[in-house]
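# Structural overview for review
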Amino acid sequence: MIKLFVGLGNPGPEYAATRHNAGFWWIDAIARRLNANLALERAYKGRVARASVAGQSVWLLQPQTFMNLSGQSVAALARFFKIAPAEILVAHDELDLPAGEAKLKFGGGHAGHNGLRDIHAQLGTADYWRLRLGIGHPGARHEVVGWVLKKPPLDEQIAIEQAVDRAAAAFELLAAGDMNAATQRIHTSKPPRPKPERKPPPAAPEPPPEE
């Protein structure tokens, strides 16, 4: 069961449309789905919403600390509400996936992502869930900073938004802890083709009336 849903990004209008804010976009999509309002909570250094799903409280969080200090916000809320790391899911931009792909993962390294790096440090563990939202790679390491802090072109923007929407549609499964079903929905970029309806056999013609 996931109790804390975190989306990583940078605060401020100048960053709102940049690739690095893909995690924020996902939390925004869930908030719309739940009709929840994110509000700044200084105690947790982030924008927070609380909602009820199947009788269980869940929290949405967008840290407002800037990316490199995201763990301060995540750890503050998790500790206050006694949420275990395994009950946390962090959505973030992922250079190693093309725009339009999304992958669910538990544990592992931070792969140089500064937001994850700080969350690792603040939680004291890497054993939490991640939603990796693909943004593609510029092709050269020295171009990464400029890449993540720029707005993607329209075709990539649409692809990322589709992945965000697909992952948001798995929210109830994630909240319930049905990670296998959530993984299948999130990892499938195209919905399965519906099976054609089986038409009933034609009815036998009625015999002509007797004269």
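Our subject is the structure that appears above.
Residues numbered from 1 in each chain as written. Predicted model: local features only at pLDDT ≥ 70, side-chain atom pairs only at ≥ 80, totals over all residues. Heavy atoms only, no water.

### What to know about the packing of helix 1 (residues 22-34) against helix 5 (residues 154-168)
Two elements in contact, helix 1 and helix 5, have axes separated by 9 Å at closest approach and are oriented at 50 degrees. As summarised for this structure, helix 1 and helix 5 are arranged oblique, according to the angle between their axes. The way helix 1 lies across helix 5 gives a crossing that is right-handed. Residues Ala-22, Trp-25, Trp-26, Ala-29, Ile-30 and Arg-33 of helix 1 lie in contact with helix 5, whose contacting residues are Gln-157, Ile-160, Val-164, Ala-167 and Ala-168. In terms of residue class, the contact of helix 1 with helix 5 is built from 9 nonpolar, 1 polar and 1 charged. (Axes fitted to C-alpha atoms, helices over the stretch in contact; angles between N-to-C directions. Helix = DSSP H or I, 4+ residues; strand = E, 2+ residues; numbered from the N terminus. Parallel < 35°, antiparallel > 145°, perpendicular 65-115°, else oblique. Left-handed = near helix turned anticlockwise from the far one by under 90°. Contact = heavy atoms within 4.5 Å. Nonpolar A, V, L, I, M, F, W, Y, C, P; charged D, E, K, R; others polar.)

### Observations regarding helix 3 (residues 114-123)
Of the residues making up helix 3, those classed as buried are Gly-115, Leu-116, Asp-118, Ile-119, His-120 and Leu-123. Looking at the buried residues of helix 3, the elements they touch are helix 2 (70-80), strand 5 (88-94) and strand 7 (129-134). With its phi angle positive at about 75 degrees, Gly-124 sits one or two positions after the end of helix 3. (Buried < 20%, exposed > 50% of the residue type's maximum accessible area, 1.4 Å probe, protein only.)

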